[in-house]
Amino acid sequence: MTTGMIGNPVLRVDGRAKVTGAARYAADFNQKNQLYAVIVGATVGLGRVTAIDVASVSRMPGVVAVISHLNAPKLAYGTHKGSIDPAVGERLHVLQDNQVRFFGQPIAVVVAESLDIAERAAAELKVSYSRQQPVIDPKDPKAQQVTPDPRGRVHADRSRGNADAAVASAPVKIDERYDTARENHNPMEPHATIAAWNGNRLTLWSKSQFVVNEQAEIAAIFGIPVQQVQVVCPFIGGAFGTSLRTWPHVTLAAIAARHVGRPVKLVLSRKQMFFTTGHRPRTLQRVALGATSDGKLVSLIQEANGETSRYEQFVEAVTSATNYMVSCPNVSTRYRLSPLDTSTPTYMRGPGEATNMFALECALDELSYKLGIDPIELRRRNEPTVDEETQKPFSSRSLMHCYTEGAERFGWARRDPKPRSMRDGRLLIGYGVASATYPVFYAPANALARLLPSGIVEVEAAASDMGPGTYTSMTQVAAETLGLPMDQVRFRLGYSVYPATPPHGGSMTMASVGSAVRAACIELRRLAEGAAVAAPQSPVFKASVEQLEWKQDRVYRRENAGSGISYREIGNRAGKPIEAQGSSDHDPELPKRYSMHAFGAAFIEVAVDPDVGTIRVRRTVGVYGAGRIINPFLARSQCIGGIVGGIGMALMESTALDPRDGRIVNAHMADYVVPVNLDISNIDVSFVEENDPHVNPLGVKGLGEIAIVGIAPAIANAVYHATGKRIRTLPIRIENMLSH
Ligand code: MOS
């Protein structure tokens, strides 16, 4: 590695394409002869479809088809559990029966010559139902609480020591309940699929964070070989987890296209995205802490309840971080699920950790006031030296370093510890902190590198770029590994024909795909070298590997540095592409030896207007220890995005269901409030130097998820410091500030 591309703040290689409109998103791949499909969603929360008045809509000019369970094909729905689907339960089989499991469930799809006609016909389709009362609130006495099935790979119960007894006898304790809201992802780009059949082969231009999974899923649903389905998605306009799974609209587009024998385009409306494409489940949590009077934790209990649907068990790591964040001899965590008559939740940025750390980090803050100890100092006194859950060493852990750095950047020393003591004119000022963490995930990935006769190297992987800058960072990894300038490397992603990669989620893209790209480029260099020594006119003809040396893009005999041969010349002489495959090559034993996580510290300043209750986040400082940073410019941008998401989680975002029928009453951007520019002020992001030799060959831990974690509790803690009001329910609202 010689060109020093890794670690440089290079601008996005796809930036020009994005700002000029040349970048094509799923809905941009319009096909000749294309029709438009619009989904009709159930208007009851539970029950059955008893009749559909197809005839009146079918007569409307321009309507081509109305497809429902009455005329939809019986689909194979073969077993396919992608790594992203809940392991327990069975996915929604769309249009296969008359059952309505949740409000908004697709019950028909209208296909027409234009979008306008399809929308109008869908709105006019008369559907009759038999209805039952859905259970949609985990606090409803009729809601069950179940222990998650162990196949879901999330621990239901974990304990060490005797946490109940230790809390009971602790000199200082707190025991509180926390309630985090259901949230919807709301990326700018809506879900969209264009489906086109050619005989029994299907092409889907479809928004997806996981194209090879969408390919396998649709093949399984239709009962056709995987090779007969192709999924194309070169660009994503934000996703945050909502495009990891393949939701029913993709199947509906394919059903519709086959039914009418023409390409069909199906784009979800903003409203529809609230009902059928996953959401962050609401959590109800309890945290109890026991400590000595000098602030040493003796007991920690966390109980969390998450929502799921009746037909699948969606689980996330709502209690995991509790087991390794702090040093404590007696710890008990418990996770339960409430199956509700709603659609299945899914991963949303920082899934599990974001809600887990809200409860834990607020509880620690509460304890700090009770003890009269600075909240950072409290965390310092309880900083573990090993992962006490597993007794494994951390591969690296920079949490305290992040706090030290953050306190300096933020000016934490200026804080008067007394609540309601700091003011700016009429405004109450509060400073709050919280820890962030996210695991280092990795899954096997593949890539292909191809040296063209022109000297350009193409690198391909079926990865995605929902915004973090995968195009750019992978180009950096390839360029550095090969010794080429960035502009001689073209990285391509988003086609299911490319080598398979894991989901573009869980902050694992760089660790997984990056390692595969590196491996493919190392192999390409080896093949290029082989071609160079085999070519009679080459200056390195018949040289042995030991005699050769590379400097940037040239290989030469060590004793004659002046007479090398470049990739361009090697490619040129070969006259045809030289291709190399690579796979990520992680030591599978590593997770058994090390506890691997990224850590960070979030500092927040809020200003609360005591008369009208408005809460403004005036400053954020986020400091992260996330291993090697491939591109500081993109990494910073990732973290700003996560912090903005955290501000939304803390103060605005909440999906509201009508208790009568489960209808989402704020399924639009006017009432589902997200932060806008005026809500966001100074955000200061930095990274502490962290050389972690254990995590993977690139030394990266992943970023993206961690940036939302810790923000909501830091805001809640700052609000308490400003006002003396401890709000344990998200989002924190104006009315919380006004009530006494
Ligand atoms: Mo992330 S929630 O795994 O897209």
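Quick caveat: nothing in here was measured; it's all calculated off a predicted structure.

## Description of empty space enclosed by the protein
In the structure shown here, the tally under the stated rule is 5 cavities of 30 Å³ or more. Of the pockets and cavities examined, the largest cavity occupies roughly 160 Å³. What lines the largest cavity is a set of 17 residues, among which Arg 91, Leu 92, Thr 246, Trp 247 and Pro 248 lie closest to the centre. Elements with a minimum of two residues in the lining of the largest cavity: helix H5 (211-222) and helix H6 (248-260).

## Things to note about the sheet that holds strand S7 (residues 126-131)
Read from one edge of the open sheet, 3 strands run S5-S2-S7, paired in antiparallel fashion. Both edges of this open sheet fall to strand S5 (99-100) and S7, since each of them pairs with a single strand only. Bridge analysis of strand S2 (residues 47-53) against S7 gives 6 bridges, and the strand direction is antiparallel. Along S7, the bridge assignment pairs Arg 48 with Ser 130.

## Focus on the environment of Asp 28
With respect to the helices, strands and loops of the structure, Asp 28 is situated in the loop between helix H1 (15-20) and strand S1 (35-41). Along the backbone, Asp 28 and Lys 265 are 237 residues apart, and their C-alpha atoms lie at a distance of 9.9 Å.

## Brief notes about the domain arrangement of the protein
Interfaces are often sized by the amount of accessible area the parts lose when they come together. Domain annotation of the protein identifies domain 1 (15-22 + 443-585), domain 2 (31-132 + 188-238 + 243-276) and domain 3 (157-182 + 280-441 + 592-739). For domain 2 and domain 3, the distance between their C-alpha centroids amounts to 37 Å. With 20 residues of domain 2 at the contact, the number on the domain 3 side is 22 residues. Both sides of the domain 2 and domain 3 interface together cover about 1800 Å² of buried area, and 65% of this is carbon and sulfur. It is Phe 103, Phe 274 and Phe 275 that lose the most area in domain 2 upon contact with domain 3, and together they represent 32% of the buried surface on that side. Counting every contact that joins domain 2 to domain 3 gives 1 salt bridge. Across the pair Glu 312 and Arg 245 runs a salt bridge whose closest N-O atoms are separated by 2.8 Å. For the pair domain 2 and domain 3, the number of links is 4 residue pairs in polar contact (both at pLDDT 80 or more).

## Details of the side chain of Glu 460
Its place among the elements puts Glu 460 in strand S21 (residues 457-460). By relative accessible area, Glu 460 is classed as buried at 8%. Polar side-chain contacts of Glu 460 include one of 3.0 Å to the side chain of Arg 450. Excluding residues within four positions of it along the chain, Glu 460 makes contact with Ala 447, Leu 448, Arg 450, Arg 492, Tyr 498 and Pro 499.

## Comments concerning the environment of Pro 503
Within the element layout of this structure, Pro 503 appears in the loop between strand S22 (489-492) and helix H13 (509-534). Judged by relative accessible area, Pro 503 falls into the buried class, the value being 7%. It is 7.6 Å that separates the C-alpha atoms of Pro 503 and Ile 84, two residues lying 419 residues apart in sequence. Residue contacts for Pro 503: discarding those within four places in its chain leaves Ser 83, Ile 84, Gln 209, Phe 210, Leu 244, Met 508 and Thr 509.

## Section: the sheet that holds strand S24 (residues 554-557)
Across the sheet, which stays open at both edges, the 3 strands sit in the order S23-S24-S25 with antiparallel pairing between neighbours. The open sheet has two free edges, formed respectively by strand S23 (548-551) and strand S25 (565-566), since each of these has just one partner strand. The pairing of S23 with S24 spans 4 bridges and is classified as antiparallel. Residue pairing across strands places Trp 550 opposite Val 555, the latter belonging to S24. Where H13 meets the sheet, it contacts S23, S24 and S25, and its direction lies at approximately 125 degrees from that of S23.

Parameters at a glance
Residues numbered from 1 in each chain as written. Predicted model: local features only at pLDDT ≥ 70, side-chain atom pairs only at ≥ 80, totals over all residues. Heavy atoms only, no water. 1 Å grid on protein atoms, 1.4 Å probe; cavity = no way out; pocket = protein on both sides within 12 Å on 5 of 7 lines; lining within 4 Å. Points joined across faces, edges and corners; volume = space filled by probe spheres on them. Helix = DSSP H or I, 4+ residues; strand = E, 2+ residues; numbered from the N terminus. Pairing = 2+ DSSP bridges. Domains from an automatic or database assignment. Contact = heavy atoms within 4.5 Å. Buried area = accessible area lost by both parts, 1.4 Å probe. Salt bridge = Lys/Arg side-chain N within 4 Å of Asp/Glu carboxyl O. Polar contact = N/O pair within 3.5 Å; in protein donor to acceptor, adjacent residues only side chain to side chain. Buried < 20%, exposed > 50% of the residue type's maximum accessible area, 1.4 Å probe, protein only. Axes fitted to C-alpha atoms, helices over the stretch in contact; angles between N-to-C directions.

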